[in-house]
Amino acid sequence: MGHTDERDNNAPVELEFFAKPDHLAEVRKLVERLASKTRLSKEELEDFLTAVDEAAANAIRHGSPNKERSLVRVICHTLPDALIVEVRDQGQGFLVPYSPSMPGPEAAGGRGLPLMCALADTIEIASTPKGTTITLKKLARTMAPASSAEPNGQRSAL
Amino acid sequence: MNDENVLLVHNYDHDGISIVAAQGDVDLSTQETLRKALESSCTEQNAPHKVAVDMREVPFIDSAGLALLVEIRKRFGHKCQLALIIAARSQPERVLKLGRFDTFLEVCYSPDELSGPVASSSAFAPPAQ
């Protein structure tokens, strides 16, 4: 598993791993470590961990044409009042629903994307036949200034 | 760094109710451990009975864990009533509510709050088709 140095506070931190569910815990632990550099509350962090986990799990389950030999990349950007995480896979892409709704409680599945939308503040999905990138952002509500510096100015349609 | 993700499961009985207690994160990699424990508890008796999942020491559950609960209910709901025990203001509580699991499963905060070993027959799900 590839891992970049976290000691440079301004540099994005990347994690690359083979598409195995065993790595989901490491993704969550990485995001949790980086969140200590932000002003996210415990609840905001837990919600964001759920969203990131769902994105990574989707990459493993649906975005890995070579199954456990496919690679998944997670890139984390830390800001004082926000955490931004990109999850990239090598899958064939999918048609992104405009407004994914939570399925009924007795549905077998389909909760991943709705949970991401509910628990991240913004979500951007770029999906092509060469792979999908899901970018999730969580803002620290307790200290939200009028304008926060963002690595890019794009807002999600979701 | 060792980031091993292990889910521990043990069983106990509370006032005639079989309880499967989980410790650790329930995600795509660990849900199989919980699945086996629930399958065992749901089939240990032939008579209708209740099985509660004690998740007070589960700090995290994702949609794979939710899907497991749905699956267990569908497969065994004709004779086994599933209930959940959760910690208040926890991640599992928020995720279960987002998924509206509190509308079709008994959800409480302690074993003492469980409604009893077996509720009315209407509480059982129809057999899986």
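In the block above lies the structure referred to throughout.
Just so it is clear, the structure is predicted and the values come from calculations on it, not from any experiment. (Residues numbered from 1 in each chain as written. Chains lettered and ligands numbered in written order. Predicted model: local features only at pLDDT ≥ 70, side-chain atom pairs only at ≥ 80, totals over all residues. Heavy atoms only, no water.)

Observations concerning the pattern of salt bridges
- One pass over the full model with this rule turns up 19 salt bridges over all chains.
- We note a salt bridge from Arg39(A) to Asp81(A), for which the minimum N-O separation is 2.6 Å. Pair noted here: Arg39(A) is in the loop between helix 1 (24-35) and helix 2 (42-62) and Asp81(A) is in the loop between strand 3 (71-79) and strand 4 (82-88), with a separation of 42 residues, a long-range link.
- Using a relative accessible area of 10% as the deciding quantity, one classes Asp81(A) as buried.
- One salt bridge in this structure joins Glu46(A) and Lys42(A), with 2.8 Å as the shortest N-O distance. Of this pair, Glu46(A) and Lys42(A) both sit in helix 2, separated by four residues, roughly a single helical turn.
- Note on Glu46(A): relative accessible area 15%, which makes it buried.
- You can call Lys42(A) exposed: its relative accessible area is 61%.
- Sharing partners across several salt bridges, the network here consists of Lys42(A), Glu43(A), Glu46(A), Asp47(A) and Arg94(B). (Salt bridge = Lys/Arg side-chain N within 4 Å of Asp/Glu carboxyl O. Helix = DSSP H or I, 4+ residues; strand = E, 2+ residues; numbered from the N terminus. Buried < 20%, exposed > 50% of the residue type's maximum accessible area, 1.4 Å probe, protein only.)

A look at the packing of helix 2 of chain A against helix 3 (residues 91-98) of chain B
- In the contact formed by helix 2 of chain A and helix 3 of chain B, the axes pass within 10 Å of each other and the chain directions differ by 55 degrees. In terms of their interaxial angle, helix 2 of chain A and helix 3 of chain B are classed as oblique. Every pair of crossing elements has a handedness; the one defined by helix 2 of chain A and helix 3 of chain B is right-handed. Only Gln91(B), Arg94(B) and Val95(B) of helix 3 of chain B make contact with helix 2 of chain A, whose side of the interface consists of Glu43(A), Glu46(A), Asp47(A) and Thr50(A).
- Its residues placed into classes, the contact of helix 2 of chain A with helix 3 of chain B shows one nonpolar, two polar and four charged. (Axes fitted to C-alpha atoms, helices over the stretch in contact; angles between N-to-C directions. Parallel < 35°, antiparallel > 145°, perpendicular 65-115°, else oblique. Left-handed = near helix turned anticlockwise from the far one by under 90°. Contact = heavy atoms within 4.5 Å. Nonpolar A, V, L, I, M, F, W, Y, C, P; charged D, E, K, R; others polar.)

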